[in-house]
Amino acid sequence: MIGILGLQGDYAAHGKMLDALAVESRVVKKPEQLSTIDGLIFPGGESTTLIKLMDSWEFWAPLRDFAATGNPIFGTCAGMILLAQSVSNPPQKSLGLIDIDVERNSYGRQVDSFEGTGVWAADGQPRSLPMIFIRAPRIARLGDGVAALATCGDDVVVARQGQVLVASFHPELTSDLSLHRYFVDMVGR
């Protein structure tokens, strides 16, 4: 069972991707629901709003505990920001579950959002991958134990460290199931 953090953002779009893969999922709105899932998706949205909601619902410690047990976590856009070790532009708190530094809104404002094509190489067979960037964060630094799985131009846009997977764009807004399939495989292991 894969949970999708349902505090804010387009969590329903991630549910549709999992439905397309015939994978059971549920929306997680309370910390106690974390005990009922095997993996968790942090959707995009507005990271400052998500932080306020996580504070209100006291999600921080339960999420750290969930990660500490080895459960896979996948963060997209704002989800990546919340999982990063360090956040800038401006600085804000995060869970620090993947050794990356992230710069918020690095590709520009809402009007600078764009669709592009990157290269997905997680399985050693590089291929094109559609990508939608909406006020997207940029990975400014990858730690030593972090693997780059996809690029767009000169930027790493998908990375993984252990059980944590992050993407700076919105794979749930495309028809390509590659990232969700990859995450489902992580949960299945």
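What you are looking at is a predicted structure, and each value in this text was computed from that prediction instead of being measured.

Scoring rules and cut-offs
- Residues numbered from 1 in each chain as written.
- Predicted model: local features only at pLDDT ≥ 70, side-chain atom pairs only at ≥ 80, totals over all residues.
- Heavy atoms only, no water.
- Helix = DSSP H or I, 4+ residues; strand = E, 2+ residues; numbered from the N terminus.
- Rg over C-alpha atoms; globule rule 2.2 N^0.38 Å.
- Buried < 20%, exposed > 50% of the residue type's maximum accessible area, 1.4 Å probe, protein only.
- Areas by Shrake-Rupley, 256 points an atom, 1.4 Å probe, with all protein chains shown as cover.
- Contact = heavy atoms within 4.5 Å.
- Polar contact = N/O pair within 3.5 Å; in protein donor to acceptor, adjacent residues only side chain to side chain.
- Pairing = 2+ DSSP bridges.
- Core = buried A, V, L, I, M, F, W, Y, C linked by side-chain atoms within 4.5 Å.
- Axes fitted to C-alpha atoms, helices over the stretch in contact; angles between N-to-C directions.
- Salt bridge = Lys/Arg side-chain N within 4 Å of Asp/Glu carboxyl O.

## Considering the overall build of the protein chain
Inference 1: On a plain count of helices and strands, the protein chain comes out with five helices and twelve strands.
Inference 2: Over its C-alpha atoms the protein chain spans a radius of gyration of 15 Å, differing by no more than 12% from the 16 Å that the globule rule assigns to 189 residues.
Inference 3: Counting over 189 residues, the protein chain shows a buried share of 51%.
Inference 4: In the form shown here, the protein chain has an accessible surface area of approximately 8300 Å², with 48% of it arising from carbon and sulfur atoms.

## Quick look at the environment of Gln 33
Inference 1: Turning to its location among the elements, Gln 33 is positioned in the loop between strand S2 (25–28) and strand S3 (39–42).
Inference 2: Each C-alpha atom of the pair Gln 33 and Pro 62 lies 9.9 Å from the other, and the pair is 29 residues apart in sequence.
Inference 3: In this view, Gln 33 contacts Val 27 and Val 28; residues no more than four positions away in its chain are not counted.
Inference 4: In terms of polar contacts, Gln 33 uses its side chain to reach the backbone amide nitrogen of Lys 29, at 2.6 Å.

## A closer look at the side chain of Ser 47
Inference 1: Summarising the element assignment, Ser 47 is placed in helix H2 (residues 47–56).
Inference 2: Those residues within four positions of Ser 47 in sequence are excluded, and the remaining contacts are Ala 78, Ile 81, Leu 82, Gln 92 and Arg 104.

## Side note on the pairing of strand S12 (residues 164–167)
The two faces of a sheet get side chains in turn, since along a regular strand they alternate between them.
Inference 1: Along S12, one buried face is formed by Val 164 and Val 166 and the opposite face, lined by Leu 165 and Ala 167, is buried too.
Inference 2: When strand S4 (residues 73–76) meets S12, the two strands line up parallel, connected through four bridges. Looking across to S12, one finds that Phe 74 is bridged to Leu 165.
Inference 3: Pairing analysis gives four bridges linking strand S11 (residues 155–161) to S12, with the strands arranged antiparallel. Pairing of Ala 159 across the sheet is with Val 166, part of S12.
Inference 4: Hairpin connection from S11 to S12: two residues lie between these consecutive antiparallel strands, with Gly 162 at a positive phi of about 60°.

## Observations regarding the nonpolar core
Inference 1: Counting 33 residues, the largest nonpolar core has Leu 40, Phe 42, Met 54 and Ile 100 as its most contacted members.
Inference 2: The set of elements that each furnish at least two residues to this core consists of S3, H2, helix H3 (60–68), helix H4 (78–83), strand S5 (84–88), strand S6 (98–103), S11 and S12.
Inference 3: Take this core: its biggest share by element is five residues, from H4.
Inference 4: When residues no more than four places from it in sequence are discounted, the contact partners of Phe 42 are Leu 5, Met 54, Leu 63, Ile 73, Phe 74, Gly 75, Thr 76, Gly 79, Leu 82, Leu 83 and Leu 95.
Inference 5: By size, the runner-up hydrophobic cluster in this structure holds 25 residues, among which are Met 131, Ala 150, Val 158 and Val 187.

## Structural notes on the sheet that holds S5
Inference 1: Strand order in this open sheet of three strands is S5-S6-S9, and the pairing throughout is mixed. Taken across any chain shown, the strands that pair with only one partner, and hence form the sheet edges, are S5 and strand S9 (138–142). Pairwise comparison of adjacent strand axes, ignoring direction, gives a mean angle of 30° for this sheet.
Inference 2: Strand direction decides the pairing type here: S6 and S9, joined by four bridges, are antiparallel. For Asp 101, the partnering residue across the bridge sits in S9 and is Arg 141.

## Here's the deal with the pattern of salt bridges
As a working rule, side chains carrying opposite charge can pair if their charged atoms are close by.
Inference 1: All told, the structure shown has seven salt bridges when counted by the stated rule.
Inference 2: The partner of Arg 135 in a salt bridge is Glu 46, and the shortest N-O contact between them spans 3.3 Å. Taken together, the positions of Arg 135 in the loop between strand S8 (127–133) and S9 and Glu 46 in the loop between S3 and H2 put the pair 89 residues apart, joining distant regions of the chain.
Inference 3: Judged by its relative accessible area of 30%, Arg 135 falls in the partly exposed class.
Inference 4: We classify Glu 46 as buried; its relative accessible area is 19%.
Inference 5: Residue Lys 93 is joined to Asp 55 by a salt bridge in which the shortest nitrogen-to-oxygen separation is 2.7 Å. Linking Lys 93 in the loop between S5 and S6 with Asp 55 in helix H2, this pair joins segments that are 38 residues apart in sequence.
Inference 6: Accessibility expressed as a relative area gives 40% for Lys 93, which makes it partly exposed.

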